[in-house]
Structures are given as structure tokens and as C-alpha cells.
Amino acid sequence: MALLDNRQFTKALKQTGDLVEVNREVDWDCEIGAIVRRACEMEGPATLFNSIRDYPGHRIFGGPVSTLRRAAVAMGIQPTASTKEIFDQFYQRMQNPIPPVLVAEAPCQENVVVGDAVDLTMFPAPMVHDGDGGRYLCTWHFVVTKDPETGWVNWGMYRVMVHNERHMGGIILATSDAGKMKLKYERMGKPMPFAIAIGPEPVCAISAAVPLPANIDEVDVAGGLAQEPVRLVRCKTVDLEVPANSEIVLEGEILHDVEVEEGPFGEYTGYRSGPRAPRAVYRVNCITWRNNPITVISNMGMPVDEGQICYGTLGVGSGVRQALEAAGIPITGVFVPPYGAGNLIIVGTRKPYNHIATQISQIVFGSRAGMPANFLIVVDDTTDVYNIGKVLHALATKCHWRDGVMTFPAWGNPLAPFLSLRERATGRGGRIVLDCTWPVEWDPEAEKPVKSSFADIYPKELQEKVLRDWHVYGFE
Ligand SMILES: Cc1cc2nc3c(=O)[nH]c(=O)nc-3n(C[C@H](O)[C@H](O)[C@H](O)COP(=O)(O)O)c2cc1C
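Worth saying up front: this structure is predicted, and the values here are computed from it rather than measured.

J.: Would you mind showing me how to read the layout of surface pockets here?
T.: In this approach the atoms are scanned with a rolling probe the size of a water molecule, which exposes any empty space left behind. One number sums up the size of the largest pocket: a volume of about 750 Å³. Forming the boundary of the largest pocket are 34 residues, of which Met-157, Tyr-158, Leu-173, Ala-209 and Tyr-311 lie nearest the centre. Within the residue set of the lining of the largest pocket, elements represented by two or more residues are strand E8 (153-156), helix H5 (177-188), helix H6 (202-209) and helix H8 (306-326). Grouping the constituent residues of the lining of the largest pocket by class yields 18 nonpolar, nine polar and seven charged.

J.: Quick question: what am I supposed to make of the pairing of strand E19 (residues 375-380) here?
T.: Within a regular strand, the side chains alternate between the two sheet faces. In terms of burial, E19 is largely enclosed, as five of its six residues are buried. Both strand E18 (residues 344-349) and E19 contribute to a ladder of six bridges, which runs parallel. What sits directly across from Leu-344, in E19, is Phe-375. Remark: the E18/helix H9 (residues 356-366)/E19 crossover connection has right-handed handedness. Taken together, the five bridges between E19 and strand E21 (residues 428-436) define a ladder with parallel strand orientation. Directly across from Phe-375, in E21, lies its bridge partner Ile-432.

J.: Whenever I open this one, the packing of aromatic side chains confuses me. Can you help?
T.: In this description, a pair of aromatic rings is defined by centroid distance and the angle of the planes. Within the structure shown, the criterion is met by 14 aromatic pairs. An angle of 40° between the planes, with centres 4.2 Å apart, marks the rings of Tyr-136 and Phe-265 as tilted. Taken together, the residues span a long stretch of sequence, with Tyr-136 in strand E6 (residues 136-138) and Phe-265 in the loop between strand E14 (248-262) and strand E15 (277-289) at a distance of 129 residues. A residue is classified by how much of its surface remains accessible, and Phe-265, at 1% relative accessible area, is buried. Seen in terms of ring centroids, Trp-470 and Phe-475 are 3.9 Å apart; in terms of plane orientation they differ by 5°. Their pairing is stacked. Take Trp-470: its relative accessible area is 35%, and that puts it in the partly exposed class.

J.: It is not clear to me how the sheet that holds strand E2 (residues 46-49) should be interpreted in this structure. Could you clarify?
T.: Across a sheet, paired strands are connected by hydrogen bonds in the backbone, their directions being either parallel or antiparallel. Across the sheet, which stays open at both edges, the four strands sit in the order E1-E2-E3-E16 with mixed pairing between neighbours. Each edge of the open sheet carries a strand with a single partner, namely strand E1 (19-22) and strand E16 (294-297). Each adjacent strand pair in this sheet contributes to an overall mean axis angle of 20°, direction not counted. Relative to E16, strand E3 (residues 59-62) runs parallel, the two sharing four bridges. Bridge pairing in E16 places Arg-59 opposite Ile-294. Most of the contacts of helix H2 (residues 31-41) go to E2, to which it runs at about 155°, and overall it touches E2, E3 and E16.

J.: Any chance you could explain the state of the cysteines here in plain terms?
T.: Where two cysteines share a covalent bond between their sulfur atoms, that bond is called a disulfide. In this structure the tally under the stated criterion is zero disulfides. Cysteine Cys-40 is unpaired, with the sulfur of Cys-310 as its nearest cysteine sulfur at 11 Å. You can call Cys-40 buried: its relative accessible area is 2%. Between Cys-286, a free cysteine, and Cys-235, which holds the nearest cysteine sulfur, the sulfur-to-sulfur gap is 8.0 Å. Residue Cys-286 is classed as buried on the basis of its relative accessible area, which comes to 0%.

J.: Would you mind showing me how to read the nonpolar core here?
T.: Note on soluble globular proteins: their nonpolar side chains tend to be buried together. Membership of the largest hydrophobic core comes to 70 residues, with the highest contact counts inside it found for Phe-61, Ile-206 and Val-242. A domain split of this core shows at least three residues from each of domain 1 (6-297) and domain 2 (327-436). With sequence-adjacent residues up to four places away left out, Ile-206 is seen in contact with Val-65, Ala-74, Phe-90, Trp-140, Leu-225, Cys-310 and Leu-314. Judged by nonpolar contacts, the second largest core, of 29 residues, contains Val-118, Leu-137, Trp-152 and Ile-248.

J.: Which parts of the structure should I look at to understand the sheet that holds strand E12 (residues 231-234)?
T.: Taken in spatial order, the three strands line up as E4-E12-E13 in an open sheet, and their pairing is mixed. Here the strands that pair on one side only, and so sit at the sheet edges, are strand E4 (101-102) and strand E13 (241-243). Where E4 lies against E12, two bridges are found, and the strand directions are parallel. Looking across to E12, one finds that Leu-102 is bridged to Leu-232.

J.: What exactly am I supposed to notice about a negative patch on the surface here?
T.: A cluster of like negative charges, contributed by Glu-441, Asp-443, Glu-445 and Glu-447, occupies part of the molecular surface. The residue Glu-441 is located in the loop between E21 and helix H12 (454-457) in this model. Its relative accessible area of 56% is what places Glu-441 among the exposed residues.

J.: It is not clear to me how the pattern of salt bridges should be interpreted in this structure. Could you clarify?
T.: Side-chain pairing between opposite charges can occur once the charged atoms of the two side chains come close. Tallied over the full model, the rule gives 28 salt bridges. Ionic pairing is found between Asp-5 and Arg-290, a salt bridge with its closest N-O pair at 3.2 Å. Residue Asp-5 is found in the segment before helix H1 (6-16), and its partner Arg-290 is found in the loop between E15 and E16; the two are separated by 285 residues along the sequence. For Arg-290, a relative accessible area of 11% translates into the label buried.

J.: Please explain the domain arrangement of the protein as it appears in this structure.
T.: When the parts of a complex come together, some accessible area is lost, and that lost area is often taken as the interface size. According to the domain assignment, the protein contains domain 1 (6-297) and domain 2 (327-436). Spacing between the C-alpha centres of domain 1 and domain 2 amounts to 30 Å. On the side of domain 2, 15 residues touch domain 1, which itself brings 19 residues to the contact. In this assembly, domain 1 packs against domain 2 so that about 1,400 Å² is buried in total across both faces, 66% of it on carbon and sulfur atoms.

Quick notes on the rules
- Residues numbered from 1 in each chain as written.
- Predicted model: local features only at pLDDT ≥ 70, side-chain atom pairs only at ≥ 80, totals over all residues.
- Heavy atoms only, no water.
- 1 Å grid on protein atoms, 1.4 Å probe; cavity = no way out; pocket = protein on both sides within 12 Å on 5 of 7 lines; lining within 4 Å.
- Points joined across faces, edges and corners; volume = space filled by probe spheres on them.
- Helix = DSSP H or I, 4+ residues; strand = E, 2+ residues; numbered from the N terminus.
- Nonpolar A, V, L, I, M, F, W, Y, C, P; charged D, E, K, R; others polar.
- Buried < 20%, exposed > 50% of the residue type's maximum accessible area, 1.4 Å probe, protein only.
- Pairing = 2+ DSSP bridges.
- Right-handed = clockwise from strand over helix to strand, strands pointing away.
- Phe/Tyr/Trp six-rings, centres within 6.5 Å; stacked < 30°, edge-to-face > 60°.
- Axes fitted to C-alpha atoms, helices over the stretch in contact; angles between N-to-C directions.
- Contact = heavy atoms within 4.5 Å.
- Disulfide = S-S within 2.5 Å.
- Core = buried A, V, L, I, M, F, W, Y, C linked by side-chain atoms within 4.5 Å.
- Domains from an automatic or database assignment.
- Patch = residues over 30% accessible without salt bridge, like charges linked within 9 Å, V, L, I, M, F, W, Y side chains within 5 Å.
- Areas by Shrake-Rupley, 256 points an atom, 1.4 Å probe, with all protein chains shown as cover.
- Salt bridge = Lys/Arg side-chain N within 4 Å of Asp/Glu carboxyl O.
- Lys, Arg positive; Asp, Glu negative; His and termini not counted.
- Charge placed at Lys NZ, Arg CZ, Asp CG, Glu CD.
- Buried area = accessible area lost by both parts, 1.4 Å probe.

So this is what it looks like as C-alpha cells:
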């Protein structure tokens, strides 16, 4: 399968019926955001805006991977594949990384400006949501930084807002890989060089949104997802590399001695993050871009969008599954449902002993990917983790009101909407585990309730007859 760059991706989406082109002029000031948001909430198609007020010659591509169907297209998988099939493919491919290749010339460097000529306002950064702290140029992109001690390079998707012609600001959590590197530069009294690739190959952006363990190269994982190496090119002014087919590349340094207020912004939890606060400042020294650049945006908010699909379902889901498998837990599945907003994790297990839910919770919430989530539902192997209706049924009928519910204090995710402002600011939160499995000692005949379902209470021969004759009875 060929690695799709952003433009091939839009063509592929058009063919599968997952893209709408808007040719009438639209406004960068919230109109584009409102259209993309509505499409996300309808689980509708992505949008390519061909005419933008004040920006002749520019286009905006919105909601690139806000459905699993589009994640499938990005990986060259049939979009009609089931959730389980797409997730299993993703999981298998991310564990078979392919290193990148370096190229000398790149479409993303067709145009170059440096120094005083840099003007970030030349791109149609949209006002994504009404009430955002400003115009966000970077919402489907990644930030490239290098560890000053080990030389390891990280890609991470962290939102970035335009302050003025040369400066931008964004949230870089201390728990993120870039946050840990930034701290090292600060201790050295140095700014952190960065490159930002906007609108890269979709697999690159997906990989950058996945909370991989540190020292795993996102570029190799992106190659694994596409089953083909990503083509990288050296940046013009920093010792970093970016995907050669990115739409726009920003190069510069993240300042070590100053913060400027940024935010709020709509977040993957489904709410506006808050409040506006002093955050990292990016000084841009060079911009390179493809001819007729397409600015790509994600509009995070109520499900379903890239926040829940790429970060939550694919990212948190795969990281948690890896951690549980590494610990030898007999799992039957892991699912981070999009409507759980990356905050709710479902784990299925063949329960060999009581309190395995406790052990699972310690691994899940102790893992890199599971740490920011708050809720864990553990079901047994009679419940399909991908079937939310069945999971709800297990929760409502198998979770003991006292013994099945466990809560404990833990690091408070600053984006957790149910925490008070003070709890968010001081990192004080907690976790909730719901054990929806029967106790192992329950007698299957006397104590364990028999499931009153077609598959459980009728003799096998009768089930087969009913299935065989289903149409004969008159059912479609
Ligand atoms: C559209 C989108 C926007 C995101 N914005 C942020 C952000 O502003 N800050 C952040 O810490 N994580 C953000 N994330 C989640 C990170 O990309 C994710 O945690 C990733 O693993 C970070 O990279 P790292 O593991 O190398 O630190 C975002 C994810 C998506 C899909």
C-alpha cells in the first residue's frame, strides 16, 4: 500500500465518500470551525474548504481523522472494516515499525522565508471554536524536538495558537515527552529548538497523537502503520527532520525564560479547557510550505473527533493493551470507546482469580497511555468489549454495589472536567474502577445467574435450526 500524503488522503476520502468539498467562500472566523464541529458530532465526512475569506489561494482541510473509517483509509484498510478489525490492524502494525528514509528535496520546502520575513498570519489559522483564546494554526500537526542529553527525537501533537507574526503559544504538559525535554533545556538555560509539521501524511499525525513509551520513534511507528517508510527532509534552520510532504513547516525555538497566556481551547473531553494561563512560547525563525498550501485542522470537542479517535481509541487503547499483555494478564480485549472521551477504558479478561480487576487497574493507570484516564470498566470474556450496549448491561447487572466499585486518589488530569479548578491546578484527582465480573467461587448452577439469551439458554441443535430457518420464518 502506498503511503498517502495529505493530498492523496483527501482524494482517497473523496472516493470512499468520506469528504465533502465546500466551494463557496467561508469565514476563518468560526464558520469553518462550526461546520467541522457539526460534521464531527454527526460522525459525518471530513471537509475541504476551497475558498477562505481574506486568504485567496489557500485551502483548509477539516476533521481529517475524526472517524475510525478515516483512520482505516489513512492506513489503507477497508473503511467498512469493524472497529475490532481496524484496532487490531493498527495494533499489529504499530508493533512492526519501519524506519524512515531521508530525501534531499521536498515539496514542503517549495517556499521558504526566514527571519524578519516570517509572518505566521499569512496562513488562514482559524478561530476554531467561539471563545477560544485565539487563532490556532496547529491542531493537526506535530511538534518535533530533540532530547539535549540523549539525542532522541520526539513527535508530539500539542495544540499551538498564534500570538503574532513571529510567536505562538501552546500547552506542553510536564507529563508529555516534549515537556520532559523542555525541562532539561530550561535547566541548561537554553531555548528548545523545534520544528512543527502541519498537514503531514495522516499516519504521521496519528502516530504523534499516540502516547507511545519514551524512546520509541513515532516516525518508525508511522512507517509501520503505512507499511512503508516515511520520507523525511532536513529542516532549513534547525537540526531536525520533518516529513517531506508536509503542507507547512515551522522552525524555531521554544523559549526557556518566558511564558505568555494561551487558551482556552475546546478539548477532547468535550468541553472548553480552562482557564487561560501562561504557557510555552514558540518563536518562529523560518517557515517552509508547499505551493498552494492546505492548512489542516482538527476541531476537538464533543465526540467524535481526532481527540477521541486518534488519542483515545487508537492511542490510549493500544498503549493500555501493550501494558496488559506485557504483564501477562489474560485479556480478551481493550476498548477505549470514542464517547468515553479518552477517559474511560474497557478491559475484558478471562478471570482466573478474584481481584484481577485491582491488578488490571494498577497496570492500566500506571501505564504511560492509561495514566490520564479516570474510569476503568473490567468485564469478563462473556462480554464483547466493543459492544457498548453489552458493556452497559454487564455494568448494570454484574457490578456489586460495594465490592465491585473501587476508587482511589491519583494524579489529577488538568483537563478532567469534574475536578475543581484547584484540583486541576494542583494535580489532585482519583480513579474509579468498576469490576463487572462474577466472583470466581460462585457456583455456576446455584449462584451464578444464567444468562437468559438466545445463545445461552437454548439447546445448540435448536439454535442451529432457528438460524438456518430464519428467512423461512419470514425474517429479512
Ligand atoms: C488533535 C489533538 C490535539 C492534542 N493536543 C494536545 C495538547 O495540546 N497538549 C497535550 O499535552 N496533548 C495533546 N494531545 C494528545 C497528545 O498528542 C498525546 O498525548 C501524545 O502522546 C503526546 O506526545 P508524547 O507522547 O510524545 O508526549 C492532542 C491529541 C490530539 C489528537
